[in-house]
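Given next are the chains, with one letter for each unit.
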Amino acid sequence: MSAASCLRSEDQFLCSICLDVFTDPVTTPCGHNFCKNCINEHWNSNDQYLCPMCNKVFNTRPELHINTFISEMVSHSSEQQAAKPGEVPCDVCTGTKLKALKSCLVCLTSYCETHLEPHLTKSVLKRHQLIDPVENLEDRMCMKHDKLLELFCKTDQTCVCVLCSVLDHKTHEFVPLKEEYEGKKAELGKTEAEIQEMIQKRRLKIQEIKHSVDLSKKAADREKAEGVQVFIALMQSVERGKKNLINSINKKKKKMEKQAEDFIKELEQEISELKKRSSELEKLSHSEDHLHLLQNFPSLKAAPPTKDWTEVSVCPSYEGTVVIAVAQLEETCSKQKKKLIEAELKRVQQYAVDVTLDPDTAHPALILSDDGKQVNDSDVTKNLPDNPERFSKCPCVLGKQSLSSGRFYFEVQVKWKTDWDLGVARESINRKGDITLSPEDGFWTIWLRNGNEYKADNNPPVRLSLKSRPQKVGVFVDYEEGLVSFHDVDAAALIYSFTGCSFTEKLYPYFGPSLNYRGKNSAPLIICPVNQTE
């Protein structure tokens, strides 16, 4: 059904007296319909009972019957079209405000289906511009000239009327509102697409984070299980050490007690023999028999068959027993620690990245290999562009690769060098003039000086006591964990760890081959391929 036919059918529900939608519709005997109140007032104000539609005269006041059909239709129409909260109401309706179907930019009025009919049927009104219903149509008028805002000033980025364009904005660039609307709508569509893309990326990031959490839980469970096994083994070693210590002390104690018991028995035996000799001597000394005394004197005067007990002693020796037990336990712990460090090195090597040197950051005195894997100092400063990325005073260089999340690992050969710096640096470090290697200044590094002095550039610096000189150093970074650790690759030993770091910028590998010192430190730092330990 067309809009016009819908509007024409709507006339059936209008009272011919008040020209509005029926209220309590009633039917006269001649078959015409009116509002109950309208027809009663009409008859009250006239001398005759005349039908306003057909002019039929009734001798007596007719009995009015409620038209239930029209009443239900009007009620249904009202329910269907009454303006709801948030909807634009018809500006013409005098009773119940029906929902507006269109707003006219010429009349500055909003119309329901019924009151919109003239704009659809009359040729003069057909030329008016209709839009979807909007509130506050007066806002579409120029407050200065009381004209419709129908142009867009691209210079001032504002809506103007025709008079504005020739009076206040005469040198500006204008386009019709519709043209600017289409352009802005296209921009909104593009922006909406970009927002949807951003939403999708963030949903993917949520999935990625959730996946990372799942991996973290599994890694934590695995780490706890392995850690518990390690400590169980250590506890068992401690228990065995304690048991061995007690057994060793008890064995020494029993041995001493047995030795003492044997000495006592031997001494008691000698005492018994000496008592017997003493008794014989006493008896002989009281003898009056001259011949008997002289014959037995030589044998009794001779030394008794006893040993010299002067140097004999029983001294329990438990000294060193506990020390030996602790040393054995320490050796067991060291072996266990070495296994853990070897396992840790193997784990971090899984995050190896292919690092190359960035020539744009290299100090002019440094020599970089063509493959970007080696760097050493030449003692000669070249004439290179002083770009913002380049170190101007300190002989150092950064890697091209960066890290802003996750983990990475690389290895550097430091063999035959007497001085070097190695680690990572944040993107915003000072690259001009003197620099300080410390976490506060954006550097997490260790260094070698004079061939045997190792330090970690913490605040304050930490002297490192290493069992052997590293030939190859592994550098590992866990961005989220805030960890930077250094490993002696060949010895599978941990050199030093920076922990609890807070990273907010990109991190770059940092290499300082130090000065050449006339050939004493000419060997290069070499970025090596990572061969995972078996």
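Residues numbered from 1 in each chain as written. Predicted model: local features only at pLDDT ≥ 70, side-chain atom pairs only at ≥ 80, totals over all residues. Heavy atoms only, no water.

1. Things to note about the overall build of the protein
Inclusion rule: Secondary structure elements are defined from DSSP: runs of H or I of at least 4 residues count as helices, runs of E of at least 2 residues count as strands, and each element is numbered from the N terminus. For a compact globule the rule gives 2.2 Å times the number of residues to the power 0.38, and the radius of gyration it is set against comes from C-alpha atoms. Only protein chains enter the accessibility calculation, which uses a 1.4 Å probe; a residue is then buried when its area is under 20% of its type maximum, exposed when over 50%, and partly exposed in between. The contact definition used throughout considers only heavy atoms, calling two residues in contact when any of these lie within 4.5 Å. Charged residues are defined narrowly, with Lys and Arg counted positive, Asp and Glu counted negative, and His plus the chain ends left uncounted. Positions of charges follow a simple convention, taking NZ of Lys, CZ of Arg, CG of Asp or CD of Glu.
Helix and strand counts for the protein come out as nine helices and 24 strands. Relative to the compact-globule value of 24 Å for 534 residues, the protein shows a C-alpha radius of gyration of 54 Å, a clear excess of over 25%. Overall, the protein is about 200 × 80 × 40 Å in size when its C-alpha atoms are taken along their principal axes. A burial count over the protein gives 31% of its 534 residues as buried. If you take every contact in the protein between residues at least 6 apart in sequence, the share linking residues at least 24 apart comes to 56%. Positive and negative side-chain charges of the protein, numbering 71 and 78 respectively, have mean locations separated by a distance of 5 Å.

2. Here's the deal with the side chain of Asn521
For the record, the criterion: Between N or O atoms, a polar contact is any pair within 3.5 Å; within protein, one atom must be a potential hydrogen donor and the other a potential acceptor, and residues adjacent in sequence are included only when both atoms are from side chains.
Along the polypeptide, Asn521 turns up in the loop between β23 (507-512) and β24 (525-528). The buried category is assigned to Asn521, whose relative accessible area is 0%. A distance of 3.0 Å separates the side chain of Asn521 from the backbone nitrogen of Thr418, its partner in a polar contact. Once residues lying within four places of it in the same chain are set aside, the contact partners of Asn521 are Lys417, Thr418, Asp419, Pro513, Ser514, Leu515 and Asn516.

3. Remarks on the environment of Val473
Within the secondary structure layout, Val473 lies in strand β20 (residues 472-478). Put simply, Val473 and Phe486 are 13 residues apart on the chain and 6.6 Å apart in space, counted from C-alpha to C-alpha. Once you skip the residues sitting within four places of it in the chain, Val473 turns out to touch Phe410, Glu411, Val412, Val414, Trp420, Leu422, Ile446, Phe486, His487, Val489 and Ile495.

4. A word on the environment of Lys84
Relative to the helices and strands, Lys84 resides in the loop between α3 (68-81) and β6 (102-104). For Lys84, a relative accessible area of 52% translates into the label exposed.

5. Observations concerning the side chain of Arg390
Selection criterion: We define a salt bridge as a contact between a side-chain nitrogen of Lys or Arg and a carboxyl oxygen of Asp or Glu at a distance within 4 Å.
Turning to its location among the elements, Arg390 is positioned in the loop between β13 (374-377) and β14 (397-398). No salt bridge is formed by the buried Arg390; its nearest oppositely charged neighbour, Asp360, is found at 4.8 Å. Polar contacts involving the side chain of Arg390 include one to the main-chain carbonyl oxygen of Pro359, which spans 3.1 Å.

6. Let's talk about a nonpolar patch on the surface
As a reminder, the rule being used: By definition, no residue in a patch forms a salt bridge, and every one has over 30% relative accessible area; like charges are joined within 9 Å, nonpolar side chains (Val, Leu, Ile, Met, Phe, Trp, Tyr) within 5 Å. The method behind every accessible area is Shrake-Rupley, applied with a 1.4 Å probe, and residues are considered shielded solely by the protein chains displayed.
Side chains of Leu163, Val166 and Leu167 sit close together on the surface and give an oily, nonpolar patch of about 250 Å² of accessible area. Relative to the assigned elements, Val166 resides in helix α6 (residues 162-167).

7. Structural notes on the nonpolar core
For the record, the criterion: Nonpolar cores were defined as sets of buried Ala, Val, Leu, Ile, Met, Phe, Trp, Tyr and Cys residues, with membership established by side-chain atoms within 4.5 Å.
Core analysis: the biggest nonpolar cluster contains 35 residues, and Trp420, Ile446, Val473 and Phe511 have the highest contact counts within it. Leave out the neighbours within four places in its chain, and Ile446 touches Trp420, Asp421, Leu422, Lys455, Ala456, Asp457, Leu464, Val473, Phe486, Ile495 and Tyr496. With 12 residues, the next largest nonpolar core counts Cys15, Phe34, Trp43 and Cys51 among its residues.

8. Here we look at the sheet that holds strand β10 (residues 158-160)
Selection criterion: At least two bridges found by DSSP between two strands are what make those strands a pair. Every axis corresponds to a line fitted to the C-alpha atoms, with the helix fit spanning only the stretch in contact, and the corresponding angles, defined between N-to-C directions, vary from 0 to 180 degrees.
Pairing in this open sheet of three strands is antiparallel, and the strands run β10-β9-β11 from one edge to the other. Both outer strands of the open sheet, β10 and β11 (174-176), are each paired with one neighbouring strand and no more. Sheet twist, expressed as the average angle between the axes of neighbouring strands with direction ignored, equals 35 degrees. Running over the sheet, helix α7 (residues 177-285) touches β9 (151-153), β10 and β11 and is turned about 85 degrees from β11.

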